[in-house]
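Reading the structure
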Amino acid sequence: MSVILAIESSCDDTGAAVIVDGHLRSNLTATQEIHRRYGGVVPELASRAHQQHLVPLVTAALTDAKITPQDLTAVAVTRGPGLLGSLLVGTSFAKAYAAGLRIPLVGVNHMRAHILAHFIEAPRPPFPFLCLTVSGGHTQLVVVRDPATFELLGQTHDDAVGEAFDKTAKLLGLPYPGGPELDKLARQAEAVGFDPKAFPFRVGEQDGYAFSFSGLKTQVLYFLQKATAANPSFITENRPALCAAIQRALVDALIRKLTKAVRETGLRHVAIAGGVAANSGLRAALSATAEKEGWEAVYLPRLEYCTDNAAMVAMAAHFQVEAGDFADAFLSPDPRLGLV
Ligand code: KG4
Ligand code: ZN
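The following refers to the structure shown. (Residues numbered from 1 in each chain as written. Chains lettered and ligands numbered in written order. Predicted model: local features only at pLDDT ≥ 70, side-chain atom pairs only at ≥ 80, totals over all residues. Heavy atoms only, no water.)

The next point concerns the pattern of salt bridges. Applying the stated criterion across every chain yields a total of 14 salt bridges. In this structure, Arg145 engages Glu151 in a salt bridge whose closest nitrogen and oxygen atoms are separated by 3.0 Å. According to the relative accessible area criterion, Arg145 is partly exposed, its value standing at 38%. With relative accessibility at 35%, the residue Glu151 sits in the partly exposed group. The partner of Arg268 in a salt bridge is Glu296, with the nearest N and O atoms 3.1 Å apart. Taken together, the residues Arg268 in the loop between α7 (234–265) and β9 (269–273) and Glu296 in the loop between α8 (280–293) and β10 (297–299) connect sequence positions 28 residues apart. Where salt bridges share partners, they join Arg202, Glu205, Arg256 and Lys257 into one cluster. (Salt bridge = Lys/Arg side-chain N within 4 Å of Asp/Glu carboxyl O. Buried < 20%, exposed > 50% of the residue type's maximum accessible area, 1.4 Å probe, protein only. Helix = DSSP H or I, 4+ residues; strand = E, 2+ residues; numbered from the N terminus.)

Structure (structure tokens):
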């Protein structure tokens, strides 16, 4: 029997989960509200909040799963990529906890875990499949051959798509993190029939499977500067419509590359992962494109498995334990850990 405690602390969400023989038993996340005040994640404060939350969260995750520490057969932890200080808190805790219980440690790659979140519950994609991972730090188009074999087709040259959502939302005066706020207002605009093409925003085309999102922020900034010079209340008067236009431009760029990838690889099982996979515009566009292009199936994770969570770390750890992939006592965080 395999009973794994999994810890996630790569950015500003602290997570603890328990998985038993591949079945998720508990999953708790403590989101750090403190960063809202500063308009972005403050690394030092994130480390401190992880340290405050982790022990109570682990206790609660074990209680929820009706598991005692002595039942555990391994401890898993996110090793990277992420913020060094945040990762240090999680890895130090996990190493000490595993050593205290004399059980093995599993080091998990956060980006692989986002993808493997698809195996927590049905419908699970069959291997091989395509996955578009879209988060605050990454935008990656990946071929997933099996739980341990990933092929990176392409990624962003500059900002991640989540960053583009957050930065443009900030220009519109929305609170951090702007992605979900921008999504909410875009939905309001579309509900009243606003045409998202009314503003001229577009993400420029890149070669192959590469993405570039930094240009959109500049486009929006210049557009707003001009518009507010003519009408100082332009943003307040048009905020939902602007959100819808920005969201449409970002989603279009993602869908264009995904469509190209499906056509060129022939892989017609398509998944999305990461925080931006929670975006309602992306989810709707993906389902519509699947129908239009005749894809076999699309896989949209439940919202709590899109943004950072320990359930995905637990799932990834389950596969690693099955493969005998354990860490040694020298495990240390790698803030820039690559997907492959
Ligand atoms: O995967 P994640 O929780 O953390 C990272 O590993 O980066 O992703 C966080 C990102 C943030 O940029 C956040 O604004 C974005 O995901 N996000 C969204 C939505 N929910 C979260 N972006 C657009 N629409 C959403 N509904
Ligand atoms: Zn993440």
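Another aspect to go through is the side chain of Asn309. Structurally, Asn309 is set in the loop between β10 and α9 (310–322). Among the polar contacts made by the side chain of Asn309, one reaches the main-chain carbonyl oxygen of Tyr305 at a distance of 3.5 Å. For Asn309, the side chain forms a polar contact with the main-chain nitrogen of Ala311, separated by 3.1 Å. (Polar contact = N/O pair within 3.5 Å; in protein donor to acceptor, adjacent residues only side chain to side chain.)

Picture the strands of a sheet paired through backbone hydrogen bonds; they go either parallel or antiparallel. Taken together, the 5 strands give an open sheet; going across it, the order is β8-β7-β6-β9-β10, and neighbouring strands pair in mixed fashion. Edge positions in the sheet fall to β8 (149–155) and β10, since each has one partner strand and no second. This sheet shows a mean twist of 25 degrees between the axes of neighbouring strands, independent of strand direction. Inspection of the sheet shows β9 paired to β10 by 3 bridges, in the parallel sense. Looking at the pairing, His269 lines up with Ala297 of β10. (Pairing = 2+ DSSP bridges. Axes fitted to C-alpha atoms, helices over the stretch in contact; angles between N-to-C directions.)

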